[in-house]
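One-letter residues, chain by chain:
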Amino acid sequence: MRMRAEADPALAWHALAQDPPRAWGAPPAAGEIRTEAADFVVDEQLGFEPDGGESHRLLQVEKVGANTLFVARALAVRAGRPPADIGFAGQKDRRALARQWFSVPATRDTASFVGYTGEGFRVLSEHPHSRKLRRGALAGNHFRIRVRGLKGDRGAVTGRIAQLAANGLPNYFGAQRFGREGANLRRVRQWLDTGRLQRGREQRAFVLSSARALAFNAVLAARVRGNTWNRLLPGEVINLTGSQSVFAAEHPDDGLRRRLEEGDLSPTGPMCGAGGVLPGGEAGRVEAAALEAVAPLPALLSAVGLRGERRALILRPAALRHDFEGDALILEFDLPRGSFATSVLRELVDARAPEADTD
């Protein structure tokens with residue numbers, strides 16, 4: 001069975017993936033990022049302590065120029081286990097200095113991994129733990145980013161940073177989610193054309209996650225264009241900040257709007273799949289209209305058995321601070337899991353970078 005969108009979605013999809021509308025206008029400065037790997041530092045924050053169990057080891061790994069799946073496979077070889085036994089909570093960009101966590105099965109006589117090195121990575125520390133590390137089992141990430149060759153009004157940069165800290169920004173999926181040069185979008189279009197998903201587990205996961213991200217970005221872009229991404233519409237599905245809890249509000253009241261301003265909650269967009277809480281009223285109409293631009297992806301994502309979920313439209317960086325060093329801007333901030341530092345950067349600077357390889 002062949003399935004094809006009514007019109008070639010290539011250009012519209014590319015815009016949603018690479019350049020969705022900004023919330024706060026053109027960035028007040030320009031500069032270069034990722035000139036060196038150490039210009040983009042990511043520290044994964046698990047949000048829990050190793051529990052001392054004997055069945056697994058939690059390994060903190062520092063990597064540069066190596067993607068997460070490559071490191072996982074290398075650790076599997078070292079442990080003498082299949083790659084599926086290696087756990088990790090999230091995937092990190094290859095062109096960055098990233099410190100992230102992996103788990104490997106272990107017994108009492110398993111040799112230590114500390115100091116083990118491979119191409120582009122080394123194991124920094126090891127801790128006994130009782131469970132395999134699962135995808136998404138992290139609190140968030142801490143970023144330290146250097147923007148070189150900064151050009152623009154530094155006062156305006158400082159003002160924009162204050163605006164982002166106070167009001168947040170659109171929680172877009174970054175271009176990394178869609179693969180190098182949009183490769184995963186081409187795989188999504190191939191799925192539409194042929195009706196067949198790739199069989200490999202990893203490639204299938206890339207296609208499905210890219211399709212869901214594209215649909216979410218389409219809804220968020222529509223809300224940004226309508227200036228409602230940071231407002232509560234009638235029928236909104238609302239997320240409690242820092243949790244997976246959502247609830248529908250047919251008529252959001254002053255109390256909910258006050259909590260929105262205080263950063264306690266956010267309107268949401270769809271992670272398309274079967275079931276889940278859906279918006280009604282005006283929020284539902286806006287969402288349905290936006291999803292037409294990526295039809296028939298929502299129906300296909302439901303048909304393959306993914307569970308419908310919600311994702312916050314507002315991203316609020318925590319502990320956002322900055323400094324100027326010569327012609328460089330130094331940014332530090334924390335983001336919750338699943339959010340993208342590049343979404344923060346694009347509201348602040350017109351950032352030029354070498355073509356990034358993504359996990």
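Residues numbered from 1 in each chain as written. Predicted model: local features only at pLDDT ≥ 70, side-chain atom pairs only at ≥ 80, totals over all residues. Heavy atoms only, no water.

*Asks:* Help me understand the sheet that holds strand E10 (residues 236-240), please; the structure alone is not making it clear to me.
*Replies:* Read across the open sheet, the four strands follow the order E11-E10-E12-E13; overall the sheet is antiparallel. The open sheet has two edge strands with one neighbour each: strand E11 (246-249) and strand E13 (309-312). Going from strand to strand, the sheet's axes swing by 50° on average, the running direction of each strand aside. In the sheet, strand E12 (residues 265-271) pairs with E13 via four bridges, with the strands oriented antiparallel. The partner of Pro270 across the bridge, within E13, is Arg310. Lying on the sheet, helix H7 (residues 281-291) is in contact with E10, E12 and E13; it crosses E12 at an angle near 35°. (Pairing = 2+ DSSP bridges. Helix = DSSP H or I, 4+ residues; strand = E, 2+ residues; numbered from the N terminus. Axes fitted to C-alpha atoms, helices over the stretch in contact; angles between N-to-C directions. Contact = heavy atoms within 4.5 Å.)

*Asks:* What is the right way to look at the nonpolar core in this model?
*Replies:* Of all hydrophobic cores here, the largest spans 41 residues; its most connected members are Trp13, Trp191, Leu214, Val294 and Leu297. Elements with a minimum of two residues in this core: helix H1 (10-18), helix H4 (183-194), helix H5 (201-225), helix H6 (254-261), E12, H7 and helix H8 (297-303). Per-element tally for this core: the top contributor is H5, with 12 residues. Once residues lying within four places of it in the same chain are set aside, the contact partners of Leu214 are Trp13, Leu16, Phe178, Leu185, Val294 and Leu297. Residues Ala96, Ile145, Val157 and Leu331 belong to the second largest nonpolar core, which totals 25 residues. (Core = buried A, V, L, I, M, F, W, Y, C linked by side-chain atoms within 4.5 Å. Buried < 20%, exposed > 50% of the residue type's maximum accessible area, 1.4 Å probe, protein only.)

*Asks:* Can you walk me through the packing of aromatic side chains in this structure?
*Replies:* Aromatic ring pairs: the centre-centre distance and the angle between the two ring planes describe each pair. All told, the structure shown has eight aromatic pairs when counted by the stated rule. Ring centres 5.8 Å apart and planes at 80° place the aromatic pair Trp24 and Trp229 in the edge-to-face group. Taken together, the positions of Trp24 in the loop between H1 and strand E1 (29-32) and Trp229 in the loop between H5 and E10 put the pair 205 residues apart, joining distant regions of the chain. Assessed through its relative accessible area of 22%, Trp24 is described here as partly exposed. Given a relative accessible area of 1%, Trp229 falls into the buried group. (Phe/Tyr/Trp six-rings, centres within 6.5 Å; stacked < 30°, edge-to-face > 60°.)

*Asks:* How should H6 be read in this particular structure?
*Replies:* One full turn of an α-helix is made of 3.6 residues, so residues set three or four places apart face in the same direction. At the N-terminal boundary of H6, the capping side chain belongs to Asp253, with an oxygen 3.2 Å from the backbone nitrogen of Gly255. Positive backbone phi, approximately 85°, marks Gly263, located one or two places after H6. (Polar contact = N/O pair within 3.5 Å; in protein donor to acceptor, adjacent residues only side chain to side chain.)

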